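# Structure at a glance
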Amino acid sequence: MLFGLSAAAALQLSGGSPYIVILLALGGLCCATWLRHAAGSGSAPAVSPDGAPAQAPSLQPDVDGLELLCGRLLPLWQKHLDAVRMQMEEALTALSATFAGLSVQMSQALQASSAEGGESVSAVLDDCRNQLHAVVADLRASLQARASLMDDIGRLSGVAGDLQSMASEVGEIASRTNLLALNASIEAARAGEVGRGFAVVADEVRKLSAQSAQSGQRIRDTVDTVGQALAQTVANAQQLATREHGHMDAAEQRIGLVLTRFERSGDALERASAQLREDGSRIGHEIDHVLVHLQFQDRVGQILAHVMQDIAKLEDFVARGAHREASADDVGAWMDALAATYSTAEQHAIHKGAATPRASAPTEITFF
Amino acid sequence: MAKTILIVDDSASIRMVVKTALTGAGYEVIEAADGQDALAKLDGRKINLVISDVNMPRLDGIGFVRQMKQKPGYQFTPVIMLTTESEADKMRQGKEAGAKAWVVKPFQPAQMLAAVAKLIQP
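Quick notes on the rules
- Residues numbered from 1 in each chain as written.
- Chains lettered and ligands numbered in written order.
- Predicted model: local features only at pLDDT ≥ 70, side-chain atom pairs only at ≥ 80, totals over all residues.
- Heavy atoms only, no water.
- Helix = DSSP H or I, 4+ residues; strand = E, 2+ residues; numbered from the N terminus.
- Buried < 20%, exposed > 50% of the residue type's maximum accessible area, 1.4 Å probe, protein only.
- Contact = heavy atoms within 4.5 Å.
- Areas by Shrake-Rupley, 256 points an atom, 1.4 Å probe, with all protein chains shown as cover.
- Pairing = 2+ DSSP bridges.
- Axes fitted to C-alpha atoms, helices over the stretch in contact; angles between N-to-C directions.
- Salt bridge = Lys/Arg side-chain N within 4 Å of Asp/Glu carboxyl O.
- Buried area = accessible area lost by both parts, 1.4 Å probe.
- Polar contact = N/O pair within 3.5 Å; in protein donor to acceptor, adjacent residues only side chain to side chain.
- Phe/Tyr/Trp six-rings, centres within 6.5 Å; stacked < 30°, edge-to-face > 60°.
- Lys NZ or Arg CZ within 6 Å of the ring centre and 35° of its normal.
- Right-handed = clockwise from strand over helix to strand, strands pointing away.
- Expected span 1.5 Å × (residues − 1).
- Parallel < 35°, antiparallel > 145°, perpendicular 65-115°, else oblique.
- Left-handed = near helix turned anticlockwise from the far one by under 90°.
- Nonpolar A, V, L, I, M, F, W, Y, C, P; charged D, E, K, R; others polar.
- Arc of directions from axis to C-beta.

### Details of the overall build of chain B
- Scanning chain B from N- to C-terminus turns up 5 helices and 5 strands.
- Sequence-ordered secondary structure for chain B, helices as α and strands as β, is β-α-β-α-β-α-β-α-β-α.
- Taken across its 122 residues, chain B has 56% of its residues classed as buried.
- In chain B, the proportion of contacts linking residues at least 24 apart, taken out of those at least 6 apart, comes to 63%.
- Carbon and sulfur atoms form 51% of the exposed surface of chain B, whose accessible area is close to 5,000 Å².

Spelled out as structure tokens, the structure:
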């Protein structure tokens, strides 16, 4: 009787593991069959949920056989249950470690993503656009400054014209001075011996006027050369400025195109990044959820431990032969002692006859 | 400087879950497998908070908290009991031993962090 009760209680308590359920169901069936056979009765006595027999036991089983069976079967049950408990604990500890590691990695990845995402792609692109436009504006300002310089050089061409006319005037003065020196030489020759000294002076003046004419000619030539160089420089600069304006326009257009392409890619990247962050956050929550569910191992481990303790107690009970004199009060005391070992709400509910309840959901914290 | 929390539980997977939540929030964690092991870890080092299971081999959580409160330097260390027990009598025993909060497994890591933050400044 006690054997059957304990097996039934263990069956109820085993809750989650199919392995334990099968093991204990087989044991309970075996014992019930044994007792029925030993009692020569077609049915075992009814038992109320709290363990009290519905009627006084009148069984006289083959107790020696029962003791033999219990002596061999109960230690085996304990070993099987212990193996289940240990395998489950090892597997779930490894699973918890894996999921805990994933949770940490996910959290770190999300933190890193949030830190990098502090400046959005569109903000970076806006900054790039502003900086590139500033560079283009600077280059345009440089072109403008060079155009002003070229205007100044162009004005120098006008100055060259003035210098040309001044050189012509020098040539004209030299020509007229030469003519005057020639007339002075004629007049000195006509004066004879008296005019000989004046003839020397007139000759020197004529030579100076010839040199002045040559200098005037060189000045004109040089001013012509400079004027042509200036004109060529201004023309070249204008051509260069035209080309550079064209290049600047093309560069600005290309910058606009590149930025637009980056903007499109950036938008897509930003959407993908946001999606990744959202998915990562959701997966992180799901991993946390898994970690909550994995905590059932602790509850199952405790329930198994209580069942194993009770099996050991039964083994000792039978080994001592105490079951031969067991009464309904002994059964009640046994059930009360078993109830005192419970640590979970499910165990208490099952003990009181409730259907196997689902595992508890996370509850609020009680502060003292 | 990071606050140090002692986790006492005979279930390695529970210790793992609690430790992950706490270290992720910047706490330092010391682990003990039961009350006896936990008492040995109270070697004068600063412990800012204890999270302890109730049902453990050798020395249970209630007994551990009672003995811890007798040790110099640990009288005022706040304790959170983390257990499958939800019976009022056990909770009363925990409160009388000196626990500040009672959490029934399974727990949400965020819930645990909130309780920790309430008892010690992070």
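### Considerations on the sheet that holds strand 5 (residues 101-104) of chain B
- Pairing in this open sheet of 6 strands is mixed, and the strands run 1(A)-5(B)-4(B)-3(B)-1(B)-2(B) from one edge to the other. With one partner strand each, in any of the chains shown, strand 1 (366-367) of chain A together with strand 2 (28-32) of chain B form the two edges of the open sheet.
- Pairing of strand 1 (residues 4-8) of chain B with strand 2 of chain B, which is carried by 5 bridges, proceeds in the parallel orientation. Across the sheet, residue Ile5 of chain B finds its bridge partner in strand 2 of chain B, namely Val29 of chain B.
- Contacting strand 1, strand 2, strand 3 (49-52) and strand 4 (79-83) of chain B, helix 1 (residues 12-24) of chain B crosses the sheet at an angle of about 170° to strand 2 of chain B.

### Focus on the pattern of salt bridges
- Enumeration according to the criterion identifies 28 salt bridges over all chains in this entry.
- Here Asp152 of chain A makes a salt bridge to Arg155 of chain A, at a shortest N to O gap of 2.2 Å. Remark: Arg155 of chain A and Asp152 of chain A occur in helix 4 (residues 121-190); sequence separation between them is 3 residues, near one turn of the helix.
- The exposure class of Asp152 of chain A is partly exposed, given its relative accessible area of 39%.
- Given the relative accessible area of 54%, Arg155 of chain A is considered exposed.
- Here Lys105 of chain B and Asp53 of chain B are joined by a salt bridge, their closest N and O atoms 3.4 Å apart. Residue Lys105 of chain B is found in the loop between strand 5 and helix 5 (109-119), and its partner Asp53 of chain B is found in the loop between strand 3 and helix 3 (61-68); the two are separated by 52 residues along the sequence. In this structure, Lys105 of chain B and Asp53 of chain B share a single accessibility class: buried.
- It is possible to trace a salt-bridge network through shared partners that takes in Asp203, Glu204, Arg206 and Lys207 of chain A.

### Describing the interface of chain B and chain A
- Each partner contributes residues to the interface: chain B has 34 residues there, and chain A has 29 residues.
- Surface buried jointly by chain B and chain A totals about 2,700 Å² across both partners, of which 60% is contributed by carbon and sulfur atoms.
- For the interface between chain B and chain A, the tally reads 1 salt bridge.
- The partner of Asp298 of chain A in a salt bridge is Lys105 of chain B, with the nearest N and O atoms 2.5 Å apart.
- Counting across the chain B and chain A interface gives 11 residue pairs in polar contact (both at pLDDT 80 or more).

### A few points about the packing of aromatic side chains
All names here are of chain A.
- According to the stated counting rule, one finds 1 aromatic pair over all chains in the structure shown.
- Considering the side-chain rings of Phe317 and Trp334, the 5.2 Å spacing of their centres and the 85° angle between planes classify their relative orientation as edge-to-face. Note that Phe317 is positioned in helix 6 (residues 296-319) and Trp334 in helix 7 (residues 328-340), a separation of 17 residues in sequence.
- Look at Trp334 and you get buried, because its relative accessible area is 8%.
- Just above the ring of Trp334 sits the side chain of Lys313; from NZ or CZ to the centre is 4.5 Å.

### What to know about the pairing of strand 1 of chain B
All names here are of chain B.
- Most of strand 1 sits inside the fold, with 5 of its 5 residues counted as buried.
- Burial along strand 1 is two-sided: the face carrying Thr4, Leu6 and Val8 and the face carrying Ile5 and Ile7 are both buried.
- Each parallel crossover has a hand, and for strand 1 linked through helix 1 to strand 2 it is right-handed.
- As defined by bridge partners, strand 1 adjoins strand 3 across 4 bridges and the pair is classed as parallel. If you follow Leu6 over to strand 3, its bridge partner there is Val50.

### Here we look at the side chain of Gln295 of chain A
- Relative to the elements of secondary structure, Gln295 of chain A occurs in the loop between helix 5 (196-293) and helix 6.
- Sequence-distant contacts of Gln295 of chain A, defined by excluding residues within four places in its chain, comprise Ile14, Val17, Lys105, Pro106 and Phe107 of chain B.

### Concerning helix 6 of chain A
- Counted at 1.5 Å a residue, the expected span for helix 6 of chain A with its 24 residues is 34 Å, and the 34 Å between its end C-alpha atoms agrees.
- Looking one or two places after helix 6 of chain A, you find Gly321 of chain A, whose phi comes out positive at around 80°.

### Remarks on the packing of helix 6 of chain A against helix 7 of chain A
All names here are of chain A.
- Two elements in contact, helix 6 and helix 7, have axes whose closest approach is 11 Å; the angle formed by their N-to-C orientations is 150°. Between helix 6 and helix 7, the crossing angle belongs to the class labelled roughly antiparallel. Taken as a pair, helix 6 and helix 7 cross one another with a handedness that is right-handed. In this structure, helix 6 uses Asp310, Lys313, Leu314 and Phe317 to contact helix 7, whose residues at the interface are Trp334, Ala337 and Leu338.
- By residue class, the composition of the contact of helix 6 with helix 7 is 5 nonpolar, no polar and 2 charged.

### Points about helix 4 (residues 88-97) of chain B
- Residues Met91, Gly94 and Ala97 of chain B constitute the buried set of helix 4 of chain B. Down the axis of helix 4 of chain B, the buried side of the element spans an arc of 120°, and every buried residue falls inside it. Opposite the buried face of helix 4 of chain B, at more than 90 degrees from it, the exposed residues are Ala88 and Glu96 of chain B.
- In this structure, the buried residues of helix 4 of chain B make contact with strand 1 of chain A together with helix 3 and strand 5 of chain B.
- Following helix 4 of chain B by one or two positions, Gly98 of chain B adopts a phi angle in the positive range, close to 125°.

Any functional reading would require information that these geometric values do not contain.
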